[in-house]
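# A closer look at the structure
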Amino acid sequence: MLKIIVKDGESIERALKRYKRKHRNIKVMQNLREGQFFTKPSVKRRREIQKAEYIQNLRDQEDV
């Protein structure tokens, strides 16, 4: 559970911004979406490998 303590003199907008940042960083929505359907471990691993290859290709293109 996320707890955001509003400090003295802090505006609600600032506290809301901190809440949104924490919410995004702990990936609440992403975990909920992943839990809706079962994905086989082999499919998960394949996706991770494809993502790693894609990122590596982007980094290789930056170096050239």
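Residues numbered from 1 in each chain as written. Predicted model: local features only at pLDDT ≥ 70, side-chain atom pairs only at ≥ 80, totals over all residues. Heavy atoms only, no water.

- The protein has the name Small ribosomal subunit protein bS21 in an unreviewed UniProt entry, where Gaetbulibacter aestuarii is given as its organism.

## Comments concerning the overall build of the protein
- Across its full length, the protein holds three helices and zero strands.
- Seen in sequence order, the protein has helices and strands lined up from the N terminus as α-α-α.
- Expected size for 64 residues packed as a compact globule is a radius of gyration near 11 Å; at 19 Å, the protein overshoots this value by more than 25%.
- Seen through its C-alpha atoms, the protein measures out along the principal axes to roughly 50 × 40 × 10 Å. (Helix = DSSP H or I, 4+ residues; strand = E, 2+ residues; numbered from the N terminus. Rg over C-alpha atoms; globule rule 2.2 N^0.38 Å.)

## A look at a positive patch on the surface
- Residues Lys7, Arg14, Lys17, Arg21, Lys22 and Arg24 make up a contiguous surface patch of positive charge.
- When you line up the elements, arginine 21 lands in helix H1 (residues 12–25). (Patch = residues over 30% accessible without salt bridge, like charges linked within 9 Å, V, L, I, M, F, W, Y side chains within 5 Å. Areas by Shrake-Rupley, 256 points an atom, 1.4 Å probe, with all protein chains shown as cover. Salt bridge = Lys/Arg side-chain N within 4 Å of Asp/Glu carboxyl O. Lys, Arg positive; Asp, Glu negative; His and termini not counted. Charge placed at Lys NZ, Arg CZ, Asp CG, Glu CD.)

## Side note on the side chain of glutamate 10
- Tracing the backbone shows glutamate 10 in the segment before H1.
- Given a relative accessible area of 18%, glutamate 10 falls into the buried group.
- Engagement of the side chain of glutamate 10 in a polar contact is seen with the backbone nitrogen of lysine 7, the distance being 3.1 Å.
- At a separation of 3.1 Å, a polar atom in the side chain of glutamate 10 contacts the side chain of arginine 18. (Buried < 20%, exposed > 50% of the residue type's maximum accessible area, 1.4 Å probe, protein only. Polar contact = N/O pair within 3.5 Å; in protein donor to acceptor, adjacent residues only side chain to side chain.)

## A short note on the environment of isoleucine 55
- Its location among the elements puts isoleucine 55 in helix H3 (residues 41–63).
- Once the C-alpha coordinates of isoleucine 55 and phenylalanine 38 are considered, the two residues, 17 residues apart in sequence, prove to be 25 Å apart.

## Side note on a nonpolar patch on the surface
- A contiguous nonpolar patch, built from Tyr54, Ile55 and Leu58 and spanning about 280 Å² of accessible area, is present on the exposed surface.
- In this structure, leucine 58 sits in helix H3.

## Considerations on unusual backbone geometry
- With a phi close to 60°, lysine 27 is a non-glycine residue in the positive phi region.
- Secondary-structure assignment places lysine 27 in the loop between H1 and helix H2 (28–34).

## Some words on H1
- Taking 1.5 Å as the rise per residue, H1 with 14 residues should run 20 Å; its terminal C-alpha atoms sit 20 Å apart, in good agreement.
- Lysine 27 occupies a position one or two residues after H1 and carries a positive phi of about 60°. (Expected span 1.5 Å × (residues − 1).)

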